[in-house]
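Geometric and topological summary
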Amino acid sequence: MSARASELGILACPSCDLVMRDVGVGDRRCVRCREPLPRATRDHHVHVTALVLAAAILYIPANLMTMMHTEQFPTRRDDTILSGIGFLWHSGSWDLAIIVFIASIVVPLVKLLALVLLTVTARSGSTWRPRARTKLYRALEIAGHWSMLDVFVIVLLTAIVQLGAFAHVEPGPAVIPFAGVVVLTMLASAAFDPRSIWDGSR
């Protein structure tokens, strides 16, 4: 039966990857690069769960509330993300509508579901496909570098909807919960400890 590195008193520097013994006292810094060393924690799942739950709650108003107000005399439009996608589709910009749908609807939802899966299986000590779950976590890390693309697409959608010289577009109240979803999923991914995936496989 294999043992965890923490049980053997061994840890790795998060900055330079130097493997060393955990003395557990004094100035906990890497002997090579002087980076502060993380302390082992068993309650990180609580933080991840709270962040994912908050992001899931914000995902609902982000999609139901008005994302943008558009005025083009004499008409006025109030669009959610979905209605904005429909507007683009029916106006002939189907390629942009697909991009907005994937980046603003599908990607945040997939990130939320992936985080839920990782957190639930890790907390329960599941032995189900740890390698696949590790790859899923790595994919989330890669997606994290592109997380702000969701917000950028909304800004792009706002710019595209401005039709004509007399059009005026203002962001709606859904912008705040949508940005909240992006930020909270980024924080949840960063707070998740991938080593917990293998706890049940010892």
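To keep things clear, this report deals only with the structure shown in the data block.

**Considerations on the overall build of the chain**
- A tally of regular secondary structure across the chain gives 6 helices and 5 strands.
- Reading the chain from its N end, one meets helices and strands in the order β-β-α-β-β-α-α-α-α-β-α.
- The burial tally for the chain puts 36% of its 202 residues in the buried class.
- Across the chain, contacts joining residues at least 24 apart in sequence account for 63% of those joining residues at least 6 apart.
- Of the roughly 12,100 Å² of accessible surface on the chain, a fraction of 66% belongs to carbon and sulfur atoms.

**As for the packing of helix α1 (residues 44–64) against helix α3 (residues 94–123)**
- The N-to-C vectors of α1 and α3 enclose an angle of 155°; their axes lie 10 Å apart at closest approach. The orientation of α1 relative to α3 falls into the category roughly antiparallel. Relative to α3, α1 is oriented so that their crossing is left-handed. In contact with H45, V48, T49, V52, A55, A56, Y59 and N63 of α1, α3 contributes I105, P108, L109, L112, L115, V116, T119, A122 and R123.

**Focus on helix α2 (residues 81–90)**
- Among all positions in α2, only I81, G84, I85 and L88 are buried. For α2, the buried positions fall inside an angular range of 100° around the axis, keeping them on one side.

**Looking at the state of the cysteines**
- The final tally for this structure, using the stated rule, is 0 disulfides.
- Looking at C16, it has no disulfide partner, and the nearest cysteine sulfur is the one in C30, 3.6 Å off.
- Of the residues examined, C16 reaches a relative accessible area of 22% and is grouped as partly exposed.

Cut-off values and rules
Residues numbered from 1 in each chain as written. Predicted model: local features only at pLDDT ≥ 70, side-chain atom pairs only at ≥ 80, totals over all residues. Heavy atoms only, no water. Helix = DSSP H or I, 4+ residues; strand = E, 2+ residues; numbered from the N terminus. Buried < 20%, exposed > 50% of the residue type's maximum accessible area, 1.4 Å probe, protein only. Contact = heavy atoms within 4.5 Å. Areas by Shrake-Rupley, 256 points an atom, 1.4 Å probe, with all protein chains shown as cover. Axes fitted to C-alpha atoms, helices over the stretch in contact; angles between N-to-C directions. Parallel < 35°, antiparallel > 145°, perpendicular 65-115°, else oblique. Left-handed = near helix turned anticlockwise from the far one by under 90°. Arc of directions from axis to C-beta. Disulfide = S-S within 2.5 Å.

Nothing here speaks to function; it is all geometry.
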